[in-house]
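# Observations on the model geometry
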Amino acid sequence: MADQFSTDKAPKPVGLYPHARKVGNLLFLSGVGPRKPGTDEIPGLTTDNHGNYTAYDFEQQCRSVFDNVRVILEESGSNWDKLVDVTVYLVNMKRDFHTYNKIYAEYFKTNQPCRTTIGVDSLPTAIAIELKCIAVTD
């Protein structure tokens, strides 16, 4: 049986699933977005009363998603340096890949997990990025 982990220190899942599950020494994270914990606020995204974007900062979303992943890893008994695989979903590959790649290089200077980047039409909320990760635990 796999252990399940969820934490109030990370954004609440948008469906019925845990933040992570541990099987043996592997930790599988559910998709993690950039929303701020305890709210539905998306860093770097501002909309008007009609839902139209008035400000968009992908770098803020990218840094926020990395912070959320880090919290889930630590709350689940792992850490950033134990990531072995990262799958990233971007809603606009042409616009955001360069920024993602630059920030990714800052966060993964010493640990370089396997990585896959996938362009998608949309994600479940108005976010522009989501990460799916696998890490090891001790």
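Conventions adopted
Residues numbered from 1 in each chain as written. Predicted model: local features only at pLDDT ≥ 70, side-chain atom pairs only at ≥ 80, totals over all residues. Heavy atoms only, no water. Helix = DSSP H or I, 4+ residues; strand = E, 2+ residues; numbered from the N terminus. Contact = heavy atoms within 4.5 Å. Polar contact = N/O pair within 3.5 Å; in protein donor to acceptor, adjacent residues only side chain to side chain. Core = buried A, V, L, I, M, F, W, Y, C linked by side-chain atoms within 4.5 Å. Buried < 20%, exposed > 50% of the residue type's maximum accessible area, 1.4 Å probe, protein only. Pairing = 2+ DSSP bridges. Axes fitted to C-alpha atoms, helices over the stretch in contact; angles between N-to-C directions. Expected span 1.5 Å × (residues − 1).

Okay, the environment of lysine 9 next. Secondary-structure assignment places lysine 9 in the loop between strand E1 (3-5) and strand E2 (20-23). Among residues more than four places away in sequence, those in contact with lysine 9 are Pro37, Val71 and Glu75. In this structure the side chain of lysine 9 is engaged in a polar contact, spanning 3.2 Å, whose partner is the side chain of glutamate 75.

So, on to the nonpolar core. Membership of the largest hydrophobic core comes to 27 residues, with the highest contact counts inside it found for Leu29, Phe66, Val69, Leu83, Tyr100, Ile129 and Leu131. Mapped onto this core, the elements with two or more residues apiece are strand E3 (26-29), helix H1 (58-75), strand E6 (83-90), helix H2 (93-107) and strand E8 (129-136). Of the residues forming this core, the biggest block, seven residues, is contributed by H1. Ignoring anything within four residues of it in the chain, the contact list for leucine 29 reads His19, Ala20, Val69, Ile72, Leu73, Lys132 and Cys133.

This part takes up the sheet that holds E3. One open sheet accounts for six strands, arranged E1-E2-E3-E8-E6-E7; its pairing is mixed. Looking at strand neighbours, the two that pair on one side only are E1 and strand E7 (114-119), the edges of this open sheet. Ignoring strand direction, the axes of neighbouring strands in this sheet form an average angle of 15 degrees. Its contacts with the sheet put H1 on E1, E2, E3, E6 and E8, and the angle it makes with E8 is roughly 30 degrees. Sheet strands touched by H2: E6, E7 and E8. Its angle to E7, the strand with the most contacts, is close to 160 degrees.

What follows is about H1. The terminal C-alpha atoms of H1 lie 26 Å apart, and with 18 residues this matches the ideal 26 Å at 1.5 Å per residue to within 8%. All of the buried residues in H1 are Phe58, Gln61, Cys62, Ser64, Val65, Phe66, Asn68, Val69, Ile72 and Leu73. Sitting at the amino-terminal end of H1 is aspartate 57, which places a side-chain oxygen 3.1 Å from the backbone nitrogen of glutamate 59. Backbone geometry just downstream of H1 places glycine 77 in the positive-phi region, at approximately 95 degrees.

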